[in-house]
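Analysis of the macromolecular model
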Amino acid sequence: MATENMGRILTTLTITNRGDQSAANRGFITAAEVRSITLDNVLVDTGATTLCLPSEAIAQLGLDLLREVDVATASGINKARIFQDASINVMGRIGTFECLELPGGRDALLGVIPLEALGIELDLKNQQLNVLPETSIDTYLTIM
């Protein structure tokens, strides 16, 4: 195994416009009109807080702008836009999250908030993701 790939985890991610899904459920649009994309080789990035998508993917999905924020990057503090209602499917787990727009067509990143919310943990040694149990006493979901 090459050292430059050590600890690097890639996954496949399907992203759907949750607003479109809702409109289809209510009969305002057809199921075929629901915008969705599948991205392969999405980098799982523990340095990223949330889902990060290139602007082209956001435009293709037709996600609505939520707000503009300051973000800390390797090159300092920059402005970024956050979009809402990105429904993601990772390893059969589905959730709806905000996403941060990446500048310059960079590859998508999957950050720690969606992973934790979906009950998916990183196994850096084996370069894979593991789905945590949702049932029985082993469930990852807790209310304390």
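Residues numbered from 1 in each chain as written. Predicted model: local features only at pLDDT ≥ 70, side-chain atom pairs only at ≥ 80, totals over all residues. Heavy atoms only, no water.

Focus: the overall build of the chain
Just so we agree on the cut-off: The helix count covers DSSP runs of H or I at least four residues long, the strand count covers runs of E at least two residues long, and both are numbered beginning at the N terminus. Note on classification: 1.4 Å probe, protein chains only; a residue is buried when its accessible area is under 20% of the maximum for its type, exposed when over 50%, partly exposed between these limits. For this analysis, residues touch if any pair of their heavy atoms sits within 4.5 Å. The method behind every accessible area is Shrake-Rupley, applied with a 1.4 Å probe, and residues are considered shielded solely by the protein chains displayed.
Counting secondary structure elements, the chain contains three helices and nine strands. Put simply, the chain runs from its N terminus to its C terminus through helices and strands in the order β-α-β-β-α-β-β-β-β-α-β-β. Going through the 144 residues of the chain one by one, you find that 34% of them count as buried. At a minimum sequence separation of 6, the contacts of the chain that also span at least 24 residues come to 58%. When the accessible surface of the chain is totalled, it reaches about 8,700 Å², and 50% of it is carbon and sulfur.

Description of the confidence of the model for the chain
Let me state the cut-off plainly: Known as pLDDT, the predictor's confidence for each residue is given on a scale from 0 to 100.
Chain-level statistics for the chain give a pLDDT mean of 88 and a share of 89% at 70 or above. Looking over the chain, one finds the lowest element-wise mean pLDDT in strand β4 (residues 64-73), namely 88, and the highest in helix α1 (residues 18-25), namely 97.

A look at the side chain of Thr 11
Residue position: Thr 11 is located in strand β1 (residues 10-17). Note on Thr 11: relative accessible area 10%, which makes it buried. Setting aside anything within four residues of it in sequence, one finds Thr 11 in contact with Leu 39, Asp 40, Asn 41, Val 42, Val 44, Val 90, Leu 110 and Leu 129.

Structural notes on the environment of Leu 109
Structurally, Leu 109 can be placed in strand β7 (residues 109-110). Put simply, Leu 109 and Thr 11 are 98 residues apart on the chain and 9.7 Å apart in space, counted from C-alpha to C-alpha. The residues touching Leu 109, leaving out its near neighbours within four places in the chain, are Val 42, Leu 43, Asp 45, Thr 50, Leu 51, Cys 52 and Leu 102.

Digging into the pattern of salt bridges
As a reminder, the rule being used: For salt bridges, the criterion is a side-chain nitrogen of Lys or Arg within 4 Å of an Asp or Glu carboxyl oxygen.
A full pass over the atoms with the stated rule returns four salt bridges. A salt bridge links Arg 67 to Glu 98, with the shortest nitrogen-to-oxygen separation between them at 3.4 Å. Taken together, the residues Arg 67 in strand β4 and Glu 98 in strand β6 (residues 93-102) connect sequence positions 31 residues apart. With a shortest N-O distance of 2.9 Å, Asp 70 and Lys 79 are connected by a salt bridge. Of the two residues examined, Asp 70 and Lys 79, each falls in the exposed class.

Side note on α1
Heads up, the rule is: In this context, the arc is that of the directions from the helix axis out to the C-beta atoms. Each polar contact in these results corresponds to two N or O atoms within 3.5 Å; when the atoms are within protein, one needs to be able to donate a hydrogen and the other to accept it, and residues that are neighboring in sequence are counted only if both atoms are side-chain atoms.
By the burial criterion, the buried members of α1 are Asp 20, Ser 22 and Ala 23. The buried residues of α1 all sit within an arc of 160 degrees when viewed along its axis, so they share a single face. Where α1 is buried, its residues meet β1 and α2 (55-61). Where α1 starts, the residue carrying a side-chain oxygen 2.8 Å from the main-chain nitrogen of Gly 19 turns out to be Asn 17. Just past α1, the residue Gly 27 takes up positive phi, approximately 85 degrees.

Side note on the nonpolar core
Quick note on the threshold: Buried Ala, Val, Leu, Ile, Met, Phe, Trp, Tyr and Cys residues that are joined via side-chain atoms within 4.5 Å together make up what is termed a nonpolar core.
Counting 24 residues, the largest nonpolar core has Ile 15, Leu 51, Leu 53, Leu 63, Ile 88 and Val 90 as the members making the most contacts within it. If you list the elements that add at least two residues to this core, you get β1, β2 (36-44), β3 (51-54), α2, β5 (76-90), β6 and α3 (112-118). If you tally residues by element for this core, the top one is β5, at four residues. Not counting residues up to four positions away in its chain, the partners in contact with Val 90 are Thr 11, Thr 12, Leu 13, Leu 110, Leu 118, Ile 120 and Leu 129. Counting residues in hydrophobic clusters, the runner-up holds nine residues, among them Ala 48, Cys 52, Val 71 and Leu 102.

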